[in-house]
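Structure assessment
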Amino acid sequence: MTIDTKGMLPESARAADHFGIAYGLGVDSTAVLVELVRRQLRPDFILFADVGSEKEGTYQFLPVIQEFLAAAGFPPVTVVRYEPVRSPYTTIEGNMTMNATLPGAVFNRGSCTVKWKIAPQEKWVRQHRHLYPGRIVKAIGFDAGEGYRRLRANDKVHAAANDRYVYWYPLQDWGWDRNACKAAIRNAGLPVPPKSACFFCANMKPNEVMDLSADERGRIVRMEMRAEPYNRKVEGLWRRRRVHDGRPGSVTEYMLRHGIPFTAPDDLEPMPLNPACAKATQGFTFRPPHRRVSLTEMVAAQRRYEDAGHRQLIQGLLAL
Ligand code: SF4
């Protein structure tokens, strides 16, 4: 069976039996969907792996794209999730915070993506083998400026998967960069969704920290504080201090330095350590921090100052 009626797919993919989309609910993969609708190349399925820790705006875009796909006669987005067998967490944030660790991306490993995004999609495909037997073309929305991501994914993740898939990177074939993707989405009459990523992703840029809510920033602080005693090679989510601009390796330290507000970890919905995690059962084996003062001490000092300042303000108002 040939699925490519319009000659869009690369030669290697044309003999595949089925066509699926790995959808991230972000700018790039939304642009892929929009263009496929325009060219009327209908996939068999569209999968979104929900890690439970995307930004709020990303989740708000799901009903928008579902409506667009329905109007085009395309299949809806199917949401898949990693299902823990015994662990108490249900999100990637819980995985990190409850196990006092940081995402694999921090250590230049794709383990967070493999466990929370790729594996749930492959499981779904295995469970639906009766509907989609044979080889599958899987379209992935890395834009034309992200060749490094494609290579990295090929090398470390996808190549290791299995030969049931033929991977297709349409945006790179079309030469679309991020701006071209945004233009295509607007031309289709849709709002541009936020960049899709976990709100604590190691690849986040400093300006993206400001786009997060105070609670999301507080959850980043909690994650970094929990993991700090075990970090031997990194200072935090941003790995190590950068020489050329002095950006710290910890997002918490960056926020403290720039006075960026965040919800105090104690005021967040509790997320206790995983009792099955060796770190939790053995207690903290604290190693000297990478800085003279640990993140926990820095955050506590900032809170003390805030509390003192707040008290002064209240007392001043009462004295009026
Ligand atoms: S967005 Fe970042 S932290 Fe989340 S799974 Fe992907 S690489 Fe890992």
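Residues numbered from 1 in each chain as written. Predicted model: local features only at pLDDT ≥ 70, side-chain atom pairs only at ≥ 80, totals over all residues.

1. What about the overall build of the protein?
Across its full length, the protein carries twelve helices and five strands. Looking at the protein as a whole, 35% of its 320 residues qualify as buried. Taking the intrachain contacts of the protein between residues at least 6 apart in sequence as the baseline, contacts between residues at least 24 apart amount to 76%. (Helix = DSSP H or I, 4+ residues; strand = E, 2+ residues; numbered from the N terminus. Buried ≥ 20, exposed ≤ 12 C-beta atoms within 10 Å, placed from the backbone. Contact = placed C-beta atoms within 7 Å.)

2. Re helix α9 (residues 214-227)
Look at α9: 20 Å from first C-alpha to last across 14 residues, which is about the 20 Å you get at 1.5 Å a residue. For α9, a buried count of eleven out of 14 residues is recorded, marking the element as mostly surrounded by other parts of the structure. For α9, the set of buried residues is Arg217, Gly218, Arg219, Ile220, Val221, Arg222, Met223, Glu224, Met225, Arg226 and Ala227. (Expected span 1.5 Å × (residues − 1).)

3. Points about the site of the ligand
Taken together, Val51, Ile92, Pro103, Ala105, Cys112, Thr113, Trp116, Lys117, Ala197, Cys198, Cys201 and Asn203 make up the full set of residues adjacent to the ligand. Here the shell around the ligand is composed, by residue class, of nine nonpolar, two polar and one charged. (Near = placed C-beta within 6 Å. Nonpolar A, V, L, I, M, F, W, Y, C, P; charged D, E, K, R; others polar.)

4. Details of the nonpolar core
Core analysis: the biggest nonpolar cluster contains 63 residues, and Tyr23, Ala31 and Leu237 have the highest contact counts within it. Of all the elements, helix α1 (residues 27-39) adds the most residues to this core, at six residues. There are two domains that each give this core at least three residues, and those are domain 1 (11-187) and domain 2 (206-319). When residues no more than four places from it in sequence are discounted, the contact partners of alanine 31 are Gly141, Leu171, Trp176, Cys181, Ala184 and Ile185. (Core = buried A, V, L, I, M, F, W, Y, C linked by C-beta atoms within 7 Å. Domains from an automatic or database assignment.)

5. Some details on the environment of glycine 175
Structurally, the position occupied by glycine 175 is in the loop between α6 (170-174) and α7 (178-187). Separated by 32 residues in the primary sequence, glycine 175 and aspartate 143 place their C-alpha atoms 7.7 Å from one another.

6. A look at helix α2 (residues 56-72)
Note: α-helices contain 3.6 residues per turn, so residues at a spacing of three or four share the same orientation. The terminal C-alpha atoms of α2, which comprises 17 residues, lie 26 Å apart, in line with the 24 Å expected from a rise of 1.5 Å per residue. Buried positions along α2 lie against α1 and β3 (77-80). Two residues or fewer after α2 comes glycine 73, characterised by a positive phi angle close to 75°.

7. Quick look at the pairing of strand β4 (residues 136-140)
Taken across its five residues, β4 has five buried, putting it largely inside the fold. The alternating pattern of β4 places Ile136, Lys138 and Ile140 on one face and Val137 and Ala139 on the opposite face, and all of these are buried. Bridging between strand β1 (residues 18-22) and β4 involves five bridges; their strand directions are parallel. In the strand pairing of β4, isoleucine 21 is matched with alanine 139. Where β4 meets strand β5 (residues 165-168), four bridges bridge the pair, whose relative direction is parallel. Paired with alanine 139 across the bridge in β5 is tryptophan 168. (Pairing = 2+ DSSP bridges.)

8. Digging into the packing of α1 against α7
It is at 9 Å that the axes of α1 and α7 come closest, and there the two elements cross at 50°. Relative to α7, the element α1 is oriented oblique. Crossing angle aside, the handedness with which α1 passes α7 is left-handed. Contacts from Val27, Asp28, Thr30, Ala31, Val34 and Glu35 of α1 reach α7 at Arg178, Cys181, Lys182, Ala184 and Ile185. Residue composition of the contact of α1 with α7, grouped by class: six nonpolar, one polar and four charged. (Axes fitted to C-alpha atoms, helices over the stretch in contact; angles between N-to-C directions. Parallel < 35°, antiparallel > 145°, perpendicular 65-115°, else oblique. Left-handed = near helix turned anticlockwise from the far one by under 90°.)

9. Some thoughts on unusual backbone geometry
A negative phi holds for most residues other than glycine; trans holds for most peptide bonds. We note that glutamine 40 has phi near 55°; this positive angle belongs to a residue other than glycine. Following the sequence through the fold, glutamine 40 ends up in the loop between α1 and β2 (45-49). Using a count of 11 C-beta atoms within 10 Å as the deciding quantity, one classes glutamine 40 as exposed. Residues other than glycine seldom take positive phi values, yet asparagine 108 does so here, at roughly 55°.

10. Structural notes on the sheet that holds β2
Read from one edge to the other, the open sheet built from five strands follows the order β3-β2-β1-β4-β5, with strand pairing classed as parallel. What marks the edges here is a single partner per strand, and that holds for β3 and β5. Adjacent strand axes in the sheet meet at a mean angle of 30°, parallel and antiparallel pairs treated alike. Sitting on the sheet, helix α4 (residues 111-127) touches β1, β2, β3 and β4, and the angle it makes with β2 is about 145°.

11. As for the environment of threonine 58
Secondary-structure assignment places threonine 58 in helix α2. Between the C-alpha atom of threonine 58 and that of proline 194, which follows or precedes it by 136 residues, the distance is 6.0 Å. Non-local contacts of threonine 58, meaning those with residues more than four positions away in its chain, are made with Leu25, Gly26, Pro193, Pro194 and Ser196.

12. Looking at the confidence of the model for the protein
Interpreting fine coordinate detail is not advised for predicted regions of low pLDDT. For the protein, the mean per-residue pLDDT works out to 86, and 84% of the residues sit at or above 70. Looking across the protein, the model is least confident in helix α5 (residues 147-161), with a mean pLDDT of 52, and most confident in β3, with 98. (pLDDT = per-residue confidence, 0-100.)

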